[in-house]
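# Observations on the model geometry
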Amino acid sequence: MTNPFPFAELMSQDGLHCFRIGSYGYAYPEADNEYDADWHRNPLSFTLPGFKVAFDEIILSGGVVEDFVAECIWQEKNA
């Protein structure tokens, strides 16, 4: 998945297994409340040897993605 927008990636040490999620674009840019306005489009992929699933859907709110990316950054710095 190539994406110029923010993403988080968890990859095995051998590089064969990968989970990647990103966030871009508001799903409901015309929303009239903060709860609907915080939903984003999220490309997601999961790769195993010989298997890959990927999709681009509205699945997470911005706050959840922000927390996930922050946790991945913390894990990388403290590994």
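In every chain, residue numbers begin from 1 and rise along the written sequence. With the structure being a predicted model, the display of local features is reserved for residues of pLDDT at least 70 and the display and counting of side-chain atom pairs for 80 or more, all residues being used for whole-chain, interface and lining totals. Side-chain numbers come from the whole structure's heavy atoms, not from hydrogens or water.

This brings us to helix α2 (residues 62-77). Over its 16 residues, α2 runs 23 Å from end to end, which matches the ideal 22 Å to within 8%, given 1.5 Å per residue. Think of it in three bands: residues with accessible area under 20% of the maximum for their type are buried, residues over 50% are exposed, and the middle band is partly exposed, with areas taken using a 1.4 Å probe on protein chains only. Strands here mean DSSP runs of E at least two residues long; helices mean DSSP runs of H or I at least four residues long; both are numbered from the N terminus. What α2 keeps buried is the set Gly62, Val65, Val69 and Cys72. Along the axis of α2, the buried positions cluster into a sector of 90°, meaning they face one direction only. Turned more than 90 degrees away from the buried face of α2 sit Asp67 and Trp74, all of them exposed. Where α2 is buried, its residues touch β1 (7-11), β4 (39-48) and β5 (51-61). A helix's residues, less one, multiplied by 1.5 Å, set its expected span. To be clear, the arc concerns the directions from the helix axis to the C-beta atoms. Only heavy atoms matter for contacts: two residues are in contact if any of them lie within 4.5 Å across the pair.

Turning next to the environment of Ala37. Position of Ala37 relative to the elements: it lies in helix α1 (residues 34-37). You can call Ala37 partly exposed: its relative accessible area is 27%. With 16 residues separating them in the primary sequence, Ala37 and Ile21 have C-alpha atoms 20 Å apart. Once residues lying within four places of it in the same chain are set aside, the contact partners of Ala37 are Tyr26, Tyr28 and Ala31.

Turning next to the nonpolar core. Side-chain atoms within 4.5 Å are what join buried Ala, Val, Leu, Ile, Met, Phe, Trp, Tyr and Cys residues into a set we call a nonpolar core. The biggest cluster of nonpolar side chains holds six residues, and these are Ala8, Ile21, Leu44, Val65, Val69 and Cys72. By residue number, the principal contributor to this core is α2, which donates three residues.

What goes into a patch is any residue over 30% in relative accessible area without a salt bridge, connected to like charges within 9 Å or, for nonpolar side chains (Val, Leu, Ile, Met, Phe, Trp, Tyr), within 5 Å. Here the accessible surface of atoms and residues is derived via Shrake-Rupley with a 1.4 Å probe, and residues count as covered only by protein chains that are part of the display. For this document, the term salt bridge refers to a Lys or Arg side-chain nitrogen within 4 Å of an Asp or Glu carboxyl oxygen. A surface patch of nonpolar side chains, about 390 Å² in accessible area, is lined by Phe46, Phe51, Val53, Phe55 and Ile59. Top contributing element to the nonpolar patch by residue count: β5, with four residues. You can call Val53 partly exposed: its relative accessible area is 34%.

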